[in-house]
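Fold and contact review
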Amino acid sequence: MTNIITLPIGDDFHTHLRQFKKVDELCMDARNLAPLGLQGGFQRFLAMPNLKPPITSTAQALEYQKVLEESAPGGTFLMSMYLCNDLSVEELETAHKAGVKWVKLYPSGVTTNSDGGVDDIEEYYPHFERMQELGMFLNIHAELPKSWAPESLNVFSMTAEAFFIPVLQDIISDFPDLKIVIEHVSSRVMVDFIATRDRNVGGTITAHHLLTILDDSLIDRSLTCKPTPKSPDDRQALLDVIDSGNKKFWLGSDSAPHPTSKKLSYACPCGVFSSLNLLPILVHIFEQNNMLLGENGELLNTLPNFISKYGREFYKLPELEGTVTLVRKPQKIPESIFGATPFLHGKTIDWSIK
Ligand SMILES: [Zn+2]
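Overview of the structure.

What counts, and at which threshold
- Throughout, residues of each chain are indexed from 1 in the direction in which the sequence is written.
- Given that this is a predicted model, residues contribute local features only at a pLDDT of at least 70 and side-chain atom pairs are listed and counted only at 80 or more, while totals for whole chains, interfaces and linings are drawn from all residues.
- Every axis corresponds to a line fitted to the C-alpha atoms, with the helix fit spanning only the stretch in contact, and the corresponding angles, defined between N-to-C directions, vary from 0 to 180 degrees.
- Helix and strand definitions follow DSSP, with helices as H or I runs of at least four residues and strands as E runs of at least two, each counted in order from the N terminus.
- Throughout, the term roughly parallel applies to angles under 35 degrees, roughly antiparallel to angles over 145, roughly perpendicular to angles from 65 to 115, and oblique to all others.
- In this description, a residue-residue contact is defined by the distance between C-beta atoms placed from the backbone, which must lie within 7 Å.
- In this description, a nonpolar core means buried residues of the types Ala, Val, Leu, Ile, Met, Phe, Trp, Tyr and Cys, linked to one another by C-beta atoms lying within 7 Å.
- For the exposure call, what matters is how many other C-beta atoms sit within 10 Å of a residue's own: 20 or more marks it buried, 12 or fewer exposed, and in between partly exposed, using C-beta atoms placed from the backbone.
- Note: two strands are recorded as paired if DSSP finds a minimum of 2 bridges between them.
- A crossover gets the label right-handed when its path from the first strand over the helix to the second runs clockwise, viewed with the strands pointing away from the viewer.
- Taken from the helix axis, the directions to the C-beta atoms give the arc we talk about.

**Overview of the packing of helix H6 (residues 188–195) against helix H9 (residues 232–243)**
- It is at 8 Å that the axes of H6 and H9 come closest, and there the two elements cross at 30°. When the axis of H6 is compared with that of H9, the two are roughly parallel. Of H9, the residues touching H6 (which contributes Arg188, Val191 and Ala195) are Asp233, Asp234, Ala237, Leu238 and Val241.

**Observations concerning the nonpolar core**
- Counting 94 residues, the largest nonpolar core has Ala47 and Leu282 as the members making the most contacts within it.
- Sorting elements by how many residues they give to this core places helix H11 (residues 278–288) first, with 6 residues.
- Once residues within four sequence positions are removed from consideration, Ala47 is found in contact with Thr15, Leu17, Tyr64, Leu68, Phe77, Leu78, Met79 and Ser80.

**A closer look at the sheet that holds strand S7 (residues 179–182)**
- Strand order across the open sheet formed by 8 strands is S2-S3-S4-S5-S6-S7-S8-S9, with parallel pairing between neighbours. Lying at the two open borders of the sheet, with one neighbouring strand each, are strand S2 (10–15) and strand S9 (249–251). With strand direction ignored, the average angle separating the axes of adjacent strands in the sheet is 30°.
- Bridging between strand S4 (residues 76–82) and strand S5 (residues 102–105) involves 3 bridges; their strand directions are parallel.

**Some thoughts on the pairing of S7**
- A two-sided burial pattern is seen for S7, the buried positions comprising Lys179 and Val181 on one face and Ile180 and Ile182 on the other.
- For strand S6 (residues 137–140) and S7, the ladder comprises 4 bridges, and the chain directions are parallel. Across the sheet, Phe137 pairs through a bridge with Lys179, a residue of S7.
- You can see the chain leave S6, run along helix H5 (residues 165–174) and come back into S7, and the turn it takes is right-handed.
- Where S7 and strand S8 (residues 201–205) come together, 3 bridges link them in parallel fashion.

**A word on H6**
- Inspection of H6 places Met190, Val191, Phe193 and Ile194 among the buried residues, and these make up the whole buried set. Looking straight down H6, one finds its buried side chains confined to an arc of 165°; they lie on one side.
- Check the buried side of H6 and you find it contacts H5, S7, S8 and H9.

Purely spatial values, then, with no claim about function.
Given below as structure tokens:
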């Protein structure tokens, strides 16, 4: 049995690091959250822009980036803008020049702080046109809001991702050179859709969608998230596409902490908080699914590619220097970190960072 492995230090291409300005008593503090990803075995992070207020200007993005970098020395933070009426086409150019190359599309009302998101996709075609010219990236929360569909369509949390596919088809065919990433893929139909697109379309996968199904999230509110974890077959499709070495899929943790008191309220917000132990959890999941080690105990390329190669290549980013060594040493995930309940709280996983 292999008891020690060394992995390239990796990228988490989807994380929520929350507020650096206080908006209410319960808001999570970016200055506490930013270092957790480094402790979890990662070095570079794509920080999501759904703050209050959302990030819609280059100046805001750079101010946020500065706070994150100061809070987590050694970390690299890539910044994203929030697609909405307040984000102008001209601002995209300024952002691109400043290295802010990512734009997040939240259909209105589908998840945390998405109320000011997109209601009419075609309204943003001038943005997509400019992004395509500049080589910027469009990251999409791909779930169809109920308000976009007739009632007869049966849109709810288990079908919302599948019903978003026609919207994606339109964007892809109208902007064939636009680089598009479908975030937190959760269903077999979306895996199949992405796998059969061309090289400009990719998808991120979270740790929690690899480990849980709908039933788990009905019991434990720390697992309540969007998109909802789905069936065992959907989860298997995610594992299989990673196992197959498909370059169009890479890690985005979607780590999204909320105060435990809010998660336990009757209006449970969506988000799974996975950043602190992310790499040991991934190693645990990959080993459980025979995706970590080969027959002779050698480390397979599957996990290194998933955490450090495929996403970086798609985004044309430099390779990171450095490695992380993990040992087979059981660790119990804490019940609370900065007032939030982490993914797999109270559970024991087999691996720890050395
Ligand atoms: Zn997210």
